[in-house]
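Each chain is listed here by its residues.
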Amino acid sequence: MSDVLVRAEGLVKDYGQHRALDGLELEVSRGEIFGFLGPNGAGKSTTIRILLDQLRPTAGRAEVFGTAPREGGPRQRARIGYLPGELALSGRDTAGALLDHLARLRGGAGTTRIPELAERFNLDLDRPIRGLSKGNKQKVGVIQALMHDPELLILDEPTSGLDPLLQHEFLTMVREARDSGATVFMSSHVLSEVEEIAGRVAIVREGRIVDLDDVATLRHHAGQEVELTFAEPVPAEAFDGLPGVSDVEVDDGSVRCLLRGEPDALLKAAARYHVTRWSAQDRELEDLFLDHYRVPVSDDDGEVVADPGSSVRAGTSAGSAPDTERAR
């Protein structure tokens, strides 16, 4: 049995003139929590919909449980718990009645877990769906994804609408599912929760994976913000071209820079002058994420095709899209 549970090879998805996925490649191993990180418009939900056979790719191939999604059918979908990013729930049925109905569609799988999960999420099962707040509807969505103990959890912005205490409870439940043998593919633009729970993280931009590694390595890639203070002004050229050193700012008697890797070259350059203070602050995963979104995207010929600019922040799109599907 292959250790790879989810695979994407050269996935391309076009909506008219808009390319949502541009040769996306990834592998998700059995038993891991895999974070899929990017703002709205990066291609996260399009990827998920292809994995679930809700969309067909323009080119490339996807596999889930070693099978193309279109070939897996209902039997394969019964092994998956899915929480969509935009959860449309309405009607006069109560939350409990809806969850019971969904369990019956799965042959009764998950029925016995509904009361336990509702209690953990403080969800009133007797309230009509149409009267629930966004947060309570999100609880219903989370419960239906978890209740049948799926082998694969695909979660698209799962904590949207949940208060901080319930976000914590949700992450605990995801860990429990992983510990029970489930694989978790979690798409989000909330960097802190992905960093807290995921073993590996992929950063997606403009339909491409631009960075993929375990969280510790990605944080190492993020580097350190270093500041040195000198007894007197130092020449800027003394810190030009140092390996692993970038974003150098020299202001009279101080130097600020970004350091990725070993500090040896920077320390040797600084040692030629009288250093009075030194500080180094580890950067967060969020900083690495923002680095990727500040750099213009280039095509295969080196031409700039998009420039999000330095104003991009987690959870905001680099540009507008003409419809909801394209924006995801």
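Here goes a summary of the coordinates provided. Treat the numbers as computed from the prediction; the structure is a model and nothing was measured.

**Points about the packing of helix α3 (residues 95-105) against helix α5 (residues 134-146)**
Orientation of α3 relative to α5, taken along the N-to-C sense of each, is 25 degrees, at an axis distance of 10 Å. Relative to α5, the element α3 is oriented roughly parallel. When the axes of α3 and α5 are compared, the crossing they make is right-handed. Seen from α3, the contacting residues are Ala-95, Leu-98, Leu-99 and Leu-102; seen from α5, they are Val-140, Ile-143 and Gln-144. Looking at the contact of α3 with α5 residue by residue, the class counts come to six nonpolar, one polar and no charged.

**So, unusual backbone geometry**
Of note, Asp-149 is a non-glycine position whose phi angle comes to about 50 degrees, a positive value. In this fold, Asp-149 is placed in the loop between α5 and β6 (152-156). Of note, the phi angle at Asp-247 is positive, near 50 degrees, even though the residue is not glycine. Its location among the elements puts Asp-247 in strand β11 (residues 245-251). Its relative accessible area of 58% is what places Asp-247 among the exposed residues.

**Quick word on helix α6 (residues 164-179)**
With 16 residues, α6 extends 23 Å between its outermost C-alpha atoms, agreeing within 8% with the 22 Å of an ideal straight helix rising 1.5 Å per residue. Turning to α6, its buried residues are Leu-166, Phe-170, Leu-171, Met-173, Val-174 and Ala-177. Projected onto a plane normal to the axis of α6, the buried residues spread over an arc of 160 degrees and lie on a single side. With respect to the buried face of α6, the exposed residues turned more than 90 degrees away are Pro-164, Leu-165 and Asp-179.

**Let's talk about the nonpolar core**
Counting residues in hydrophobic clusters, the biggest one holds 75 residues, and the most contacted among them are Val-140, Leu-155, Phe-170 and Phe-185. Sort the elements by how many residues they give to this core and α6 lands first, with six residues. Formed by 14 residues, the second largest nonpolar core is a distinct cluster that contains Leu-228, Leu-242, Val-255 and Ala-270.

**Description of the pairing of strand β7 (residues 183-188)**
Summarising burial for β7: six of the six residues are buried, a large majority. The alternating pattern of β7 places Thr-183, Phe-185 and Ser-187 on one face and Val-184, Met-186 and Ser-188 on the opposite face, and all of these are buried. Relative to β7, strand β3 (residues 33-37) runs parallel, the two sharing five bridges. Counted as the bridge partner of Phe-34 is Phe-185 from β7. Pairing analysis gives five bridges linking β6 to β7, with the strands arranged parallel. Across the sheet, Leu-152 pairs through a bridge with Thr-183, a residue of β7. Read from β6 through α6 to β7, the crossover connection turns out right-handed.

**Re the pattern of salt bridges**
Inspection of the entire model under this criterion finds 20 salt bridges. A salt bridge links Glu-63 to Arg-61, with the nearest nitrogen and oxygen atoms 3.0 Å apart. The partner of Arg-120 in a salt bridge is Glu-176, with the nearest N and O atoms 2.9 Å apart. In this pair, Arg-120 is assigned in helix α4 (residues 114-120) and Glu-176 in helix α6, connecting sequence segments 56 residues apart. Residues joined by salt bridges that share partners form a network here, namely Arg-113, Glu-116, Arg-120, Asp-149, Glu-169 and Glu-176.

Reading guide: rules and limits
Residues numbered from 1 in each chain as written. Predicted model: local features only at pLDDT ≥ 70, side-chain atom pairs only at ≥ 80, totals over all residues. Heavy atoms only, no water. Axes fitted to C-alpha atoms, helices over the stretch in contact; angles between N-to-C directions. Helix = DSSP H or I, 4+ residues; strand = E, 2+ residues; numbered from the N terminus. Parallel < 35°, antiparallel > 145°, perpendicular 65-115°, else oblique. Left-handed = near helix turned anticlockwise from the far one by under 90°. Contact = heavy atoms within 4.5 Å. Nonpolar A, V, L, I, M, F, W, Y, C, P; charged D, E, K, R; others polar. Buried < 20%, exposed > 50% of the residue type's maximum accessible area, 1.4 Å probe, protein only. Expected span 1.5 Å × (residues − 1). Arc of directions from axis to C-beta. Core = buried A, V, L, I, M, F, W, Y, C linked by side-chain atoms within 4.5 Å. Pairing = 2+ DSSP bridges. Right-handed = clockwise from strand over helix to strand, strands pointing away. Salt bridge = Lys/Arg side-chain N within 4 Å of Asp/Glu carboxyl O.

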